[in-house]
Amino acid sequence: MISKDSVERSNAAAEATLRADYDALGEHLDRRGIDIAAVKDKVAAYGVAVPSWGVGTGGTRFARFPGTGEPRDVFDKLDDCGIIHQLTGATPSVSLHVPWDDADPAALTAKAEETGLRFDAMNSNTFQDHESHPLSYKYGSLSHTDAAVRQQAVEHNLYVIELGQKIGSKALTVWVGDGSNFPGQTNMTRQFERYLDSARSIYSGLPEDWRLFTEHKMFEPAFYSTVVQDWGTNYLIAKELGDRAHCLVDLGHHAPNVNIEMIVARLIQFGKLGGFHFNDSKYGDDDLDTAAIDPYRLFLVFNELMDAADTPGFDPAHMLDQSHNVNDPIESLMSSAMEVQRAYAQALIVDRTALEGFQQDNDALMATTTLKRAFRTDVEPILAMARLEKGAAIDPVAAYRASGYRARVAEERPASAGGGGGIV
Ligand code: LRH
Ligand code: MN
Ligand code: MN
């Protein structure tokens, strides 16, 4: 952890300005009929999960350029995640990926307690070979032509659930890279049937109080066809499997220009939105920092979430999923968590009554202006005040830089290898 003194020093320098900005915003919102304290309380209660795989420098198929003090194992990763939560107060949970994070459940639980974190959805991984799995996933996993490979992949998923149960997780996220690289390589119908069969086996091993999230992605690593390629296929899966099966929306997994907020609305309407992997993209599955490219789209997604907020049982999982190539991952993840919070706060201050009226009257200009008005409001003082009040940092990146955390861990953690590609 970063010392309390260090955070307090950083806050002392910024507190007076923050209070003035917060009061000014409070007056402004009051004129709009909005109670700033109520918005702040909701923002303070909001949390987004950090992906364990995001705290190490990522990489592309071409190269990885590691930073200093890269986490060596899941315990170092949890230390880094603890810092992100300490300074932002916005990331109380971590999503683990197995086998990358496979470890003794008692040790994981102890580390989570020490770092003040809990575990969100578990992720299985059958998109690469495992040392302990005799059969290869080169030609697929849950949809493989060979029943023995499918069985091995199903068993891995059941193992991940079992581990998750021991550490307090309540959901499994399944993303597979299965597909094909050439037209004709696979029978697309048979392949999807095999996928569904395997997914049913996983679902039948799902504990009663768990949810299964299937995640779609248009392409990569399969470059011609992917089994679970879009939200339509994903919806079919969730529908086939049952009530505890839901669709996970990763913001980077869509074709360019796709209306993601509309997909979110559709999935909500039919009770199948499981959760999110937040990130941003310009071209494909870029895994850029959340809101780095299109903060308005993120706001529009949150606008749909707010529209459905009163639906009974509506509780999608909010998780980040990013890959950091040029930034310190801790800084990127802190900034991204705050961007998600910002979109949430902006969506909270949309004048929904006015919006509905303009929609009803077909006043397109005023309807869209109503959204823009919320989006253009600088809600930063609300976010910062929520952080200050919970003992986090007014400016997490400044506090992090002042703390010297990265240099300190670099002394204990040996330099990690760069070179060849890979996603982790
Ligand atoms: C696939 C994906 C999926 C994986 C993660 C590492 O592109 O988004 O969520 O588990 O990246
Ligand atoms: Mn993802
Ligand atoms: Mn992805």
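Residues numbered from 1 in each chain as written. Chains lettered and ligands numbered in written order. Predicted model: local features only at pLDDT ≥ 70, side-chain atom pairs only at ≥ 80, totals over all residues.

Draft legend 1. Highlighting the overall build of the protein. Scanning the protein for helices and strands turns up 15 helices and eleven strands. What you see for the protein is a C-alpha radius of gyration of 22 Å, in line with the 22 Å of a compact globule of 424 residues. Over its C-alpha atoms, taken along the principal directions, the protein stretches across nearly 65 × 60 × 40 Å. When the 424 residues of the protein are sorted by exposure, 45% land in the buried category. A fraction of 80% describes how many contacts in the protein between residues 6 or more apart in sequence connect residues 24 or more apart. (Helix = DSSP H or I, 4+ residues; strand = E, 2+ residues; numbered from the N terminus. Rg over C-alpha atoms; globule rule 2.2 N^0.38 Å. Buried ≥ 20, exposed ≤ 12 C-beta atoms within 10 Å, placed from the backbone. Contact = placed C-beta atoms within 7 Å.)

Draft legend 2. Region of the structure containing the sheet that holds strand β4 (residues 122-123). Taking strand neighbours across the sheet as the criterion, the six strands line up as β4-β5-β7-β9-β10-β11 in an open arrangement whose pairing is parallel. Among the strands making up the open sheet, the edge pair consists of β4 and β11 (317-320). Bridging between strand β7 (residues 211-215) and strand β9 (residues 245-250) involves four bridges; their strand directions are parallel. By the bridge assignment for β9, Phe213 is matched with His246. Together, β4 and β5 (171-174) form the strand contacts of helix α5 (residues 147-166), whose direction differs from that of β5 by roughly 150°. Running over the sheet, helix α10 (residues 329-348) touches β10 (273-278) and β11 and is turned about 145° from β11. (Pairing = 2+ DSSP bridges. Axes fitted to C-alpha atoms, helices over the stretch in contact; angles between N-to-C directions.)

Draft legend 3. Expanded view of the site of ligand 1. In the vicinity of ligand 1, ten residues are found, and the nearest of them are Asn123, Trp175, Asp250, Asp285 and Asp321. For the shell around ligand 1, the class distribution of residues is three nonpolar, two polar and five charged. (Near = placed C-beta within 6 Å. Nonpolar A, V, L, I, M, F, W, Y, C, P; charged D, E, K, R; others polar.)

Draft legend 4. How the structure looks around the packing of helix α1 (residues 4-31) against helix α13 (residues 380-389). Between α1 and α13, the least distance of the axes is 9 Å, while the angle of their chain directions is 130°. Viewed along their axes, α1 and α13 adopt a mutual orientation that is oblique. Handedness of the crossing formed by α1 with α13: left-handed. Here Asn11, Glu15, Leu18, Asp21, Tyr22 and Leu25 of α1 lie close against α13, whose contacting residues are Pro381, Ile382, Ala384, Met385 and Leu388. Residues that form the contact of α1 with α13 fall into these classes: eight nonpolar, one polar and two charged. (Parallel < 35°, antiparallel > 145°, perpendicular 65-115°, else oblique. Left-handed = near helix turned anticlockwise from the far one by under 90°.)

Draft legend 5. Highlighting the sheet that holds strand β3 (residues 118-119). An order of β1-β2-β3 is seen for the three strands of this open sheet, with the pairing classed as parallel. Every other strand in the sheet has two partners, leaving β1 (50-51) and β3 as the edge strands with one partner each. As paired strands, β1 and strand β2 (residues 93-95) are joined by two bridges and run parallel to one another. When the bridges of β2 are listed, Pro51 appears paired with Ser95.

Draft legend 6. Here's a closer look at the nonpolar core. Counting residues in hydrophobic clusters, the biggest one holds 97 residues, and the most contacted among them are Ile84, Leu172, Ala337, Ala345, Ala347 and Ile382. Here this core gets eleven residues from one element, more than from any other, and that element is α10. Not counting the four nearest positions on each side in its chain, Ile84 is found in contact with Val50, Thr91, Ile330, Leu333, Met334 and Ala337. (Core = buried A, V, L, I, M, F, W, Y, C linked by C-beta atoms within 7 Å.)

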